[in-house]
Amino acid sequence: MSKKISIFWFRRDLRLEDNIGLYHALQSDYPVLPIFIFDKDILENLPKDDARVSFIFNQLESMRNTLQEAVESSLALYHGIPQEIFKSLLEDYEVQAVYTNHDYEPYATERDTKIQDYLKDNNVEFHSYKDQVIFEKGDVLKDDGDPYVVYTPYKTKWKSIFDSKKDLKTYNTKKYFKNFIAHSRLPNLSLSDMGFETSKIKVPNYTASAKVIQNYEDTRNYPAIENGTSHLGPHLRFGTVSIREITKRAISEKNEVFWSELIWREFFMQILWHFPNTTKNAFRAKYDRIEWRNNEAEFEKWKNGETGYALVDAGMRELNTTGYMHNRVRMLVASFLCKHLLIDWRWGEAYFAEKLLDFDLSANVGNWQWAAGSGVDAAPYFRIFNPMTQIDKFDKQKEYINKWVTDLQELTYPDKMVDHKMARERCLKTYKEALS
Ligand code: FAD
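Criteria and cut-off values
- Numbering of residues starts from 1 in every chain and runs along the sequence as written.
- The predicted origin of the model limits local features to residues at a pLDDT of at least 70 and limits the giving and counting of side-chain atom pairs to 80 or more, whereas totals for whole chains, interfaces and linings rest on all residues.
- UniProt positions are given in the numbering used here, feature names are shortened, and annotations may be inferred rather than shown by experiment.
- The way it works is that DSSP assigns letters per residue, a run of H or I at least four long becomes a helix, a run of E at least two long becomes a strand, and they are numbered from the N terminus.
- Only the C-alpha atoms count toward the radius of gyration. The rule for a globule is 2.2 Å times the residue count to the power 0.38.
- Counting other C-beta atoms within 10 Å of its own, a residue is labelled buried from 20 upward, exposed at 12 or fewer, and partly exposed in the gap between, with every C-beta atom placed from the backbone.
- What counts as a contact here is a pair of residues whose C-beta atoms, placed from the backbone, lie within 7 Å.
- Reported domain spans reflect what an automatic or database domain assignment gives.
- Residues are grouped as follows: nonpolar covers Ala, Val, Leu, Ile, Met, Phe, Trp, Tyr, Cys and Pro; charged covers Asp, Glu, Lys and Arg; every other residue, Gly included, is treated as polar.
- Two strands are counted as paired when DSSP detects at least two bridges linking them.
- Axis lines are fitted to C-alpha atoms, over the contacting stretch for helices. Their N-to-C directions set the angle, which ranges from 0 to 180 degrees.
- Nearness here is judged by the C-beta atom: place it from the backbone, and if it falls within 6 Å of a molecule or strand, the residue counts as near that partner.
- Roughly parallel refers to an angle under 35 degrees, roughly antiparallel to one over 145, roughly perpendicular to one between 65 and 115, and oblique to any angle outside these ranges.
- Put simply, a crossing is left-handed when the front helix is turned counterclockwise from the back one by less than a right angle, and right-handed when it is turned clockwise.
- One confidence number per residue, pLDDT, is output by the predictor and ranges from 0 to 100.
- In plain words, the nonpolar core is the set of buried Ala, Val, Leu, Ile, Met, Phe, Trp, Tyr and Cys residues that C-beta atoms within 7 Å link up.
- Looking down the strands as they point away from the viewer, one classifies a crossover as right-handed if the path from the first strand across the helix to the second runs clockwise.

- Under an unreviewed UniProt entry, the protein chain has the name Deoxyribodipyrimidine photo-lyase and belongs to Cellulophaga baltica.
- UniProt, in its Sequence similarities (unreviewed entry) section for the protein chain, records the words "Belongs to the DNA photolyase family."

Below, the structure written as structure tokens:
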């Protein structure tokens, strides 16, 4: 048995600075072993060139280098089932405590409960912190203690309890880097050790510059504008940037609209926390009575961007090529799938989960249910986007369309797979029957 240590377990917080759980671990009385576990059960279901796995891997590598240079330390990488990895860590070290940050998804909370129990049985403390959001779980509740299910009053309450001094405190971890364990050949891995390869798709850097935030309202609705939005999605998802830092920027640039988007993220996170069954069931139960057509051949056309509706196709092709799709177009393709094709939102949600670099269960489910009309704060079901007039509104010069649908003028470009008027009426009839 070697010397006493604390462990810091990285998950959705892949950064060394302003990381609350890490800050607390480094303040403990023992040297800190930082670890990351590539969860076998999760990796098993991903394609071998998954871009998110490459992104995580590269970020860990860069953190390893930083620690090596700063304090001749490193970060231990494991590939396995978390509980088994902890078992072997307890055999190799005298572990006093494990530190980490909260992860709110149902799979993660179940995993953490099991690990916490296992550690407790072995007299090891488990400390977990709020880090990836400003407000979590039951932090923002109605006066009667119920969770909010409508965004605007949620946001009002969020802002009323927000205290920038307290909630945006920076956690300076650098000061304590010397408390990391000395690097004595900590376990390393390569992507190929796990059966993965480097993806051709790269996660772009985010662009939360003053200019992008200041112009956000003017640019955010137009998919052809290059940095019209921040591209923060994957960075907030994997914690390569701190939400406190980004919120500070939103406030200092005085951009309420941008800030509101960050609050939407927390709104959907608390919805998932309070209503975990919404990953499978409609939030408004009667929407599960809808008789989806679920035509598989039509689903394939939608996935491949071959619907014959240029803006829908541009979006799907952007997604398939880059792992990103502009929010305006996400709203349209989601509406098209659920309403024009009457395909279950769960099918679309699963496809986005597979493809999006910024896939986040709470935002994905929340926004898909919004598009289907079945979710919290969803638009009335009879508001159906017209895929033609959406072009006039958001891509009038067809710059975005021409970028992604290069065959638009060619004979091979498919005819519209469904007539808009017919699809609209069919949708209204189907929804009406289910909901009445
Ligand atoms: P910006 O416009 O720059 O916004 C900044 C940040 O605010 C985003 O990175 C995100 O963290 C947050 N945000 C913005 N809009 C929303 C929103 N509607 N809901 C929740 N958070 C928001 N977002 C995800 O992060 N993961 C998903 O899996 C996801 N799936 C979606 C599915 C559908 C059908 C739709 C309509 C939207 C989805 N969104 C999702 C929301 C939104 O489209 C993306 O957050 C946004 O496009 C990401 O680009 P950005 O970082 O440049 O955003």
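Once you've had a look at it, read on.
## Some remarks on the overall build of the protein chain
Argument step 1. In terms of regular secondary structure, the protein chain is built from 20 helices and five strands.
Argument step 2. For 436 residues, the compact-globule estimate of 2.2 N^0.38 gives 22 Å, and the protein chain sits close to it at 23 Å.
Argument step 3. Overall size of the protein chain, expressed as C-alpha extent along the three principal axes, is 70 × 50 × 45 Å.
Argument step 4. Counting every position in the protein chain, which comprises 436 residues, the buried fraction comes to 39%.
Argument step 5. Excluding contacts between residues fewer than 6 apart, the proportion of contacts in the protein chain whose partners are at least 24 apart in sequence is 78%.

## Notes on the domain arrangement of the protein chain
Argument step 1. Taken domain by domain, the protein chain consists of domain 1 (1–131), domain 2 (133–169 + 205–274) and domain 3 (279–435).
Argument step 2. At the junction of the two partners, domain 2 supplies 16 residues and domain 3 supplies 18 residues.
Argument step 3. Sorting the residues of the side of domain 2 that touches domain 3 by element identifies α10 (233–238) and α12 (256–274) as the ones contributing at least two each.
Argument step 4. When residues of the side of domain 2 that touches domain 3 are assigned to their parent elements, the largest contribution, five residues, is made by α12.
Argument step 5. Of the residues contributing to the side of domain 2 that touches domain 3, the split by class is 11 nonpolar, three polar and two charged.

## Comments concerning the sheet that holds strand β4 (residues 94–101)
Argument step 1. Read from one edge of the open sheet, five strands run β3-β2-β1-β4-β5, paired in parallel fashion. At either margin of the open sheet sits one strand with a lone partner, and together these are β3 (76–80) and β5 (125–129). Each strand axis lies, on average, 30° off the axis of its neighbour in the sheet, ignoring direction.
Argument step 2. Across five bridges, the pairing between strand β2 (residues 32–39) and β3 is parallel. The residue bridging Phe38 from the neighbouring strand is His79, located in β3.

## Notes on the site of the ligand
Argument step 1. Looking at the ligand, there are 26 residues lining it, with Thr229, Ser230, Asn327, Asn364 and Asn367 nearest.
Argument step 2. Secondary structure elements with two or more residues in the shell around the ligand: α10, α12, α15 (327–340) and α17 (361–372).
Argument step 3. A per-class count over the shell around the ligand returns 13 nonpolar, seven polar and six charged.
Argument step 4. Residue assignment places the shell around the ligand across two domains, with domain 2 (133–169 + 205–274) and domain 3 (279–435) each supplying three or more.

## Comments concerning the UniProt feature "site: Electron transfer via tryptophanyl radical" (unreviewed entry) in the protein chain
Argument step 1. According to UniProt, the "site: Electron transfer via tryptophanyl radical" (unreviewed entry) feature falls on Trp292, Trp345 and Trp368.
Argument step 2. Tracing the backbone shows Trp292 in the loop between α12 and α13 (296–304).
Argument step 3. Not counting chain neighbours up to four residues away, the residues in contact with Trp292 comprise Leu342, Ile343 and Asp344.
Argument step 4. Looking at where Trp368 falls in the secondary structure, it is placed in helix α17.

## As for the packing of helix α14 (residues 310–322) against α15
Argument step 1. At a minimum axis separation of 9 Å, α14 and α15 run at an interaxial angle of 110°. Comparing their axes, α15 and α14 come out roughly perpendicular. Between α14 and α15 the crossing geometry is left-handed. In this structure, α14 contributes Leu311, Val312, Ala314, Gly315 and Met316 to the contact, and α15 contributes Val329, Arg330, Leu332, Val333 and Phe336.

## Brief notes about the environment of Thr278
Argument step 1. Examined against the element boundaries, Thr278 turns out to sit in the loop between α12 and α13.
Argument step 2. For the pair Thr278 and Tyr154, spaced 124 residues apart in sequence, the C-alpha to C-alpha distance is 19 Å.
Argument step 3. In this structure, Thr278 is in contact with Ile271, Leu272, Phe283, Val365 and Gln369, ignoring residues within four places of it in sequence.

## What to know about the confidence of the model for the protein chain
Argument step 1. Per-chain confidence: the protein chain averages 96 in pLDDT, with 100% of residues scoring 70 or above.
Argument step 2. Across the assembled chains, the prediction reports ipTM 0.99 with pTM 0.97.

## Some words on the nonpolar core
Soluble, globular proteins show a tendency: their nonpolar side chains are buried together.
Argument step 1. Leu311, Ala314, Val333 and Leu337 are the most contacted members of the largest nonpolar core, which totals 64 residues.
Argument step 2. A total of eight residues in this core trace back to one element, the largest contributor, which is α12.
Argument step 3. Among the domains, domain 2 (133–169 + 205–274) and domain 3 (279–435) are the pair contributing at least three residues each to this core.

## So, the packing of helix α6 (residues 151–161) against α12
Argument step 1. One way to put it is that α6 packs onto α12 with a least axis distance of 10 Å and a crossing angle of 105°. As the angle between them shows, α6 and α12 are arranged roughly perpendicular. Together, Tyr151, Tyr154, Lys155 and Trp158 of α6 and Ser260, Ile263, Trp264 and Phe267 of α12 make up the contact between the two elements.
Argument step 2. Partitioned by chemical class, the residues of the contact of α6 with α12 number six nonpolar, one polar and one charged.

## Some remarks on the pairing of β5
Argument step 1. Here five bridges tie β4 to β5, and the two strands are oriented parallel to one another. By the bridge assignment, Thr100 is partnered in β5 with Ser128.
Argument step 2. With helix α5 (residues 106–121) bridging β4 and the parallel β5, this β-α-β connection has right-handed handedness.

## A closer look at the environment of Asn227
Argument step 1. Position of Asn227 relative to the elements: it lies in the loop between α9 (216–219) and α10.
Argument step 2. The partly exposed category is assigned to Asn227, around which 15 C-beta atoms lie within 10 Å.
Argument step 3. Each C-alpha atom, one on Asn227 and one on Ile85, is 41 Å from the other, the two residues being 142 residues apart in sequence.
Argument step 4. Beyond its immediate stretch of four places on either side in the chain, Asn227 contacts Thr207 and Val212.

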